[in-house]
Amino acid sequence: MQIFLFLSILAISLQPSSSQGEMADEDVAIAEPSWLLVTTIPPSYSKEVVADFEALQEPLGFPDHLAEEDAEKAEGDFDANLYFDVLDRISPQRGYVLDYVYHYAGIGGAPVLYARKNVAPPYRNYSEYLAAGASAEEADREDYYLRFVETDGTPEGFFQLALLRIQGEQFYQFWHAAYNDDRIVSDREEARARLGADDATVEPLLADLEEFDLAPVVSMSRDLVKVEAVVFTDWGGFLKRSMVVEREYPHLIVEEGSEVLVPYNCGILF
């Protein structure tokens, strides 16, 4: 009898209560971890970093020798490793450098970043780059550049990593490639400058944007980091871009997202 009672009590104690079952269901529904540290990046800092980053890209123009299929870089073309002069909290893995090939397709052209060992010869052109990765998607390639970029572990470092991801290929853009124009904004002053339109257009957009905090936010859990930044594009408006990466190096991307905050379209078609 004592054994029977003991087994009965044990069986009852092992059955989950309804509240425990509900908690389990809720846990399954949670798409992201509990963030242990949430840091708002001061706009004064993010604006300065973004401005210095863009200052490397803006005066470049478009070299004529890139306007052909399988174009090859020439001496004096932009060196993408200059980014790390501005992005001082991230760096290539030791022994690697940041490089790019140019993908020209007649109706558009843009650089494609990749990483290579500093002693390895660069790809000559886009076809050679494709052949090296066979049919792999860009983010699955062995030379995908973000696999070889390390942060210093700070919120500012992960913000800089997101900046590189969002705006790193916005140079030497030709024609249709200019649709890739997401630019990070950190406050209303910067939002107004990005719009660059007449007051009749600007003020209603800024009024709609008033309810949102534009400062970038970096959230950290034990294993993951989420970076959220508001960007502006002429062909979409103000969007919140998010990127979840592994906290430890290599900072592989786990998830990316985009949410429209205030829609806008400049009306220009290429």
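The structure this text deals with has already been given above.
These figures come from a predicted structure and were not determined experimentally.

### Things to note about the overall build of the protein chain
On a plain count of helices and strands, the protein chain comes out with eight helices and eleven strands. Counting every position in the protein chain, which comprises 270 residues, the buried fraction comes to 37%.

### Describing the packing of helix α7 (residues 188-195) against helix α8 (residues 199-209)
Viewed as axis vectors pointing N to C, α7 and α8 meet at an angle of 145 degrees, and their least axial separation amounts to 10 Å. The two elements α7 and α8 cross, and the hand of that crossing is right-handed. Contacts between α7 and α8 involve Arg188, Ala191, Arg192 and Leu195 on the former and, on the latter, Asp199, Val202, Glu203, Leu205, Leu206, Ala207 and Leu209. Looking at side-chain class alone, the contact of α7 with α8 contains seven nonpolar, no polar and four charged residues.

### Examining the layout of surface pockets
In this structure, the largest pocket occupies an estimated 210 Å³ of space. Taken together, 20 residues form the lining of the largest pocket, with Lys73, Asp99, Tyr100, Arg116 and Pro122 sitting closest to its centre. Here the element with the most residues in the lining of the largest pocket is strand β3 (residues 96-104); it accounts for six residues. Tallied by class, the residues present in the lining of the largest pocket amount to eleven nonpolar, two polar and seven charged.

### Describing the environment of Val149
With respect to the element layout, Val149 can be found in strand β5 (residues 149-151). Overall, the relative accessible area of 2% leaves Val149 in the buried class. Beyond its immediate sequence surroundings of up to four residues, Val149 is in contact with Phe84, Ile90, Ser91, Pro92, Leu161, Leu164, Tyr249 and His251.

### Structural notes on the nonpolar core
In globular proteins that are soluble, nonpolar side chains generally tend to be buried together. Of all hydrophobic cores here, the largest spans 43 residues; its most connected members are Tyr83, Leu87, Tyr145, Phe158, Leu164, Ile184 and Val218. The element contributing the most residues to this core is helix α6 (residues 155-167), with seven residues. By size, the runner-up hydrophobic cluster in this structure holds 14 residues, among which are Ala191, Val202, Leu214 and Tyr264.

### As for the packing of aromatic side chains
For the coordinates displayed, the defined rule picks out 19 aromatic pairs. Both rings, one in Tyr96 and one in Phe148, keep their centres 4.4 Å apart while their planes meet at 20 degrees; by these two values the pair is stacked. Of this pair, Tyr96 sits in strand β3 while Phe148 sits in the loop between α5 (126-133) and β5, and the two are 52 residues apart along the sequence. Using a relative accessible area of 13% as the deciding quantity, one classes Phe148 as buried.

### Let's talk about empty space enclosed by the protein
Overall, the coordinates contain one cavity of 30 Å³ or more when judged by the stated rule. Of the pockets and cavities examined, the largest cavity occupies roughly 70 Å³. Every residue lining the largest cavity is listed: Ala162, Arg165, Ile166, Val227, Ala229, Arg241, Ser242, Met243 and Glu256. Of all the secondary structure elements, the ones that give two or more residues to the lining of the largest cavity are α6, β9 (224-233) and β10 (235-246). Of the residues belonging to the lining of the largest cavity, the class tally is five nonpolar, one polar and three charged.

### A short note on the pairing of β9
Counting buried residues along β9, nine of its ten residues qualify, which places the element largely inside the surrounding structure. In this structure, strand β7 (residues 183-185) lies alongside β9, joined through three bridges in antiparallel fashion. Looking at the pairing, Ile184 lines up with Val231 of β9. Both strand β8 (residues 217-220) and β9 contribute to a ladder of four bridges, which runs antiparallel. Each bridged residue has a counterpart across the sheet, and for Val217 the counterpart in β9 is Glu228. In this antiparallel pair of consecutive strands, β9 and β10, the connection spans one residue.

### Details of the environment of Glu69
Looking at where Glu69 falls in the secondary structure, it is placed in the loop between α3 (43-57) and α4 (83-86). On the basis of relative accessibility, which here comes to 66%, the residue Glu69 falls in the exposed class.

### Details of the pattern of salt bridges
Two side chains of opposite charge can pair, provided their charged atoms sit close to one another. Counted under the stated rule, the structure contains 16 salt bridges. Two residues, Arg89 and Asp152, come together in a salt bridge whose shortest N-O distance is 2.9 Å. Here Asp152 lies in the loop between β5 and α6 and Arg89 lies in the loop between α4 and β2 (90-92), a separation of 63 residues in the sequence. Its relative accessible area of 31% is what places Arg89 among the partly exposed residues. Look at Asp152 and you get partly exposed, because its relative accessible area is 40%.

The rules behind the values
- Residues numbered from 1 in each chain as written.
- Predicted model: local features only at pLDDT ≥ 70, side-chain atom pairs only at ≥ 80, totals over all residues.
- Heavy atoms only, no water.
- Helix = DSSP H or I, 4+ residues; strand = E, 2+ residues; numbered from the N terminus.
- Buried < 20%, exposed > 50% of the residue type's maximum accessible area, 1.4 Å probe, protein only.
- Axes fitted to C-alpha atoms, helices over the stretch in contact; angles between N-to-C directions.
- Left-handed = near helix turned anticlockwise from the far one by under 90°.
- Contact = heavy atoms within 4.5 Å.
- Nonpolar A, V, L, I, M, F, W, Y, C, P; charged D, E, K, R; others polar.
- 1 Å grid on protein atoms, 1.4 Å probe; cavity = no way out; pocket = protein on both sides within 12 Å on 5 of 7 lines; lining within 4 Å.
- Points joined across faces, edges and corners; volume = space filled by probe spheres on them.
- Core = buried A, V, L, I, M, F, W, Y, C linked by side-chain atoms within 4.5 Å.
- Phe/Tyr/Trp six-rings, centres within 6.5 Å; stacked < 30°, edge-to-face > 60°.
- Pairing = 2+ DSSP bridges.
- Salt bridge = Lys/Arg side-chain N within 4 Å of Asp/Glu carboxyl O.

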